[in-house]
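Observations on chain architecture
Next come the chains, spelled out residue by residue.
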Amino acid sequence: MTSSVTGSVLILGGARSGKSSFAEALVTASGLDMVYVATGRAWDGEMTARIAEHRGRRGPDWETLEEPLALVDCLKAIDAPGRVVLIDCLTLWVTNLMMEERDMASEFARLADYMPTAAARLIFVSNEVGLGIVPENRMARDFRDHAGRLHQIVAAKAAEVYFIAAGLPLKMKG
Amino acid sequence: MTSSVTGSVLILGGARSGKSSFAEALVTASGLDMVYVATGRAWDGEMTARIAEHRGRRGPDWETLEEPLALVDCLKAIDAPGRVVLIDCLTLWVTNLMMEERDMASEFARLADYMPTAAARLIFVSNEVGLGIVPENRMARDFRDHAGRLHQIVAAKAAEVYFIAAGLPLKMKG
Amino acid sequence: MTSSVTGSVLILGGARSGKSSFAEALVTASGLDMVYVATGRAWDGEMTARIAEHRGRRGPDWETLEEPLALVDCLKAIDAPGRVVLIDCLTLWVTNLMMEERDMASEFARLADYMPTAAARLIFVSNEVGLGIVPENRMARDFRDHAGRLHQIVAAKAAEVYFIAAGLPLKMKG
């Protein structure tokens, strides 16, 4: 159960851009053991429905974990060759870290340090949120600053980066 | 009055990205009979001014139709070989369907079913609206979800897809 | 102190996309005399911190000017061969012009007229702000319309245009 495809992947896109479907297709095509790490918390009915929809689409061949905060520890605990791990998504992780007032820079640095050492193939999905008008509220501005910084950090360590729009991938790196 | 260029086109872009101008240039260069289908309703002065500006730019060689809701019926009624139809824009159609509480999935499915059967060349213009911060109001979130789904559906059926920024096209498909 | 690289450059990107770093790398690599023109006004602590961070990153080899409004006059005053001028950023210039109720079309036209005559190499950085939901407030809508129009104008005159996401450049022209 090995693959010629190695290295981490970052998949960026807007709302309903098809980024999760693209990521899942990449994972399924890899032939590796598939693990899904959900960072989202089902804090309302809208989110619960979205998580259930994604889970139904993936089917029973995936192992599913939920980890809203300790993402790097979670990834280290399941790291193994022959495994592909889909992390969906980085923006929800950022949201959760902010809610808990964690130190963002050190959390991001831990992820950056871990990425090149991973035996598993890591596929990160994230929302690009920085292309609209500057938000009026401070927390939203901080959120998009954190998300933007994290995207730069992960993209720098990733072997491939895709930008998805209308379900179509645009390769930005790799 | 035939053209070697066939298949539908989706042109995505942000506000004032030049997407309508790009679409109009594509239409003009086709040598086909030109029809413009406006989906927007002139519900205020800002919108009226924008519609008038677009109409003035196109000039008298275009046939112009206005159809805020029954887009697929409208396209079927005017369908003919040797004709190119510019639909401007899908996001306003989505807005109008939402206002009338139509079933979005079935409306989108009708368009998807029609597209491969069209004798006319269809050029769809639409706003990418999913790359900013998650909107606080529910209707805006629903709107960008609907728009995102529709873009994926139309892109899957289109022969060519372009993303426009600063007046410049980036080919994503075709 | 000449360079084989000529012509203006437009660098578009979202918040924290890495567009300023990319621009600075382009400038540093040019081997030309480096001038930085800041269009931002430090009207609050958040902005002051951001300006200081950028200035610290650039280091002492840059000449730094601040010009919130008379951008074209400023560029003409320092124009010289063997010089590269980084203008950071166009969107803050648009904001300042709007605050002063200047005539946007004529300001933009002056810049467009100047660009092809410049002896210095001009590197413009700007925020793409038109890819989110239509803002509810009129001034924000006007702002993104002005920014979008300016991007089209500058892109048309530029030799190279880049779209930056996650720190990665996507060449759109040149």
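Attention in this report is confined to the structure presented alongside it. (Residues numbered from 1 in each chain as written. Chains lettered and ligands numbered in written order. Predicted model: local features only at pLDDT ≥ 70, side-chain atom pairs only at ≥ 80, totals over all residues. Heavy atoms only, no water.)

Going through the model one piece at a time under the given rule, you end up with 9 aromatic pairs over all chains. Ring geometry for Y36(C) versus W62(C): centroids 6.1 Å apart, planes at 80 degrees, classification edge-to-face. Taken together, the residues Y36(C) in strand β2 (residues 33–38) and W62(C) in the loop between α2 (45–58) and β3 (63–66) connect sequence positions 26 residues apart. No difference in accessibility class separates Y36(C) from W62(C), as the two residues are buried. Taking the ring centre of W62(B) as reference, the NZ or CZ of R58(B) above it sits at 5.9 Å. (Phe/Tyr/Trp six-rings, centres within 6.5 Å; stacked < 30°, edge-to-face > 60°. Helix = DSSP H or I, 4+ residues; strand = E, 2+ residues; numbered from the N terminus. Buried < 20%, exposed > 50% of the residue type's maximum accessible area, 1.4 Å probe, protein only. Lys NZ or Arg CZ within 6 Å of the ring centre and 35° of its normal.)

Residues and elements named next belong to chain A. What the rule picks out here adds up to 0 disulfides over all chains. Of all cysteine sulfurs in the structure, the one in C89 sits closest to C74, which takes part in no disulfide; the separation is 15 Å. Accessibility expressed as a relative area gives 4% for C89, which makes it buried. (Disulfide = S-S within 2.5 Å.)

Let's shift gears to unusual backbone geometry. All names here are of chain A. Going from D88 to C89, the amide bond is cis rather than trans, its omega being 5 degrees. Along the chain, the position of C89 falls in the loop between β4 (83–88) and α4 (90–99). Phi angles above zero are rare outside glycine, and R16 is one such case at about 50 degrees. For R16, the location among the structural elements is in the loop between β1 (9–13) and α1 (19–30). Of the residues examined, R16 reaches a relative accessible area of 18% and is grouped as buried.

At the interface, 25 residues of chain A touch 20 residues of chain B. Taking both sides of the interface into account, the surface hidden between chain A and chain B amounts to around 1,700 Å²; carbon and sulfur atoms contribute 63%. It is R16(A), A166(A) and L168(A) in chain A that bury the most area against chain B; as a group they hold 33% of the surface buried on that side. In this structure, the connection of chain A to chain B is made through 6 residue pairs in polar contact (both at pLDDT 80 or more). Counting only elements with at least two residues in the side of chain A that touches chain B, the list comes to α2 (45–58), α6 (138–157), β6 (160–165) and β7 (168–173) of chain A. (Contact = heavy atoms within 4.5 Å. Buried area = accessible area lost by both parts, 1.4 Å probe. Polar contact = N/O pair within 3.5 Å; in protein donor to acceptor, adjacent residues only side chain to side chain.)

So, about the relation of the copies chain A and chain B. A rotation about an axis combined with a shift along that same axis relates the two copies of the chain. Turning chain A through 120 degrees and shifting it by 0.0 Å along the axis lays it on chain B, with an RMSD of 0.0 Å. Taken together, these values place the two copies in the relation of a three-fold axis. Relative to the rotation axis, the closest C-alpha in chain A is found at G132(A), a distance of 2.5 Å. Residue by residue, only 20% of the interface of chain A is reproduced at the interface of chain B, so the copies engage with different surfaces. (Least-squares fit on C-alpha atoms with pLDDT ≥ 70 in both.)

Before going further, it helps to spend a moment on the relation of the copies chain C and chain A. Once turned by 120 degrees and shifted 0.0 Å along the axis, chain C lies on chain A with an RMSD of 0.0 Å. A low fraction, 20%, of the interface residues of chain C reappear at the interface in chain A, so the copies pair through non-equivalent surfaces.

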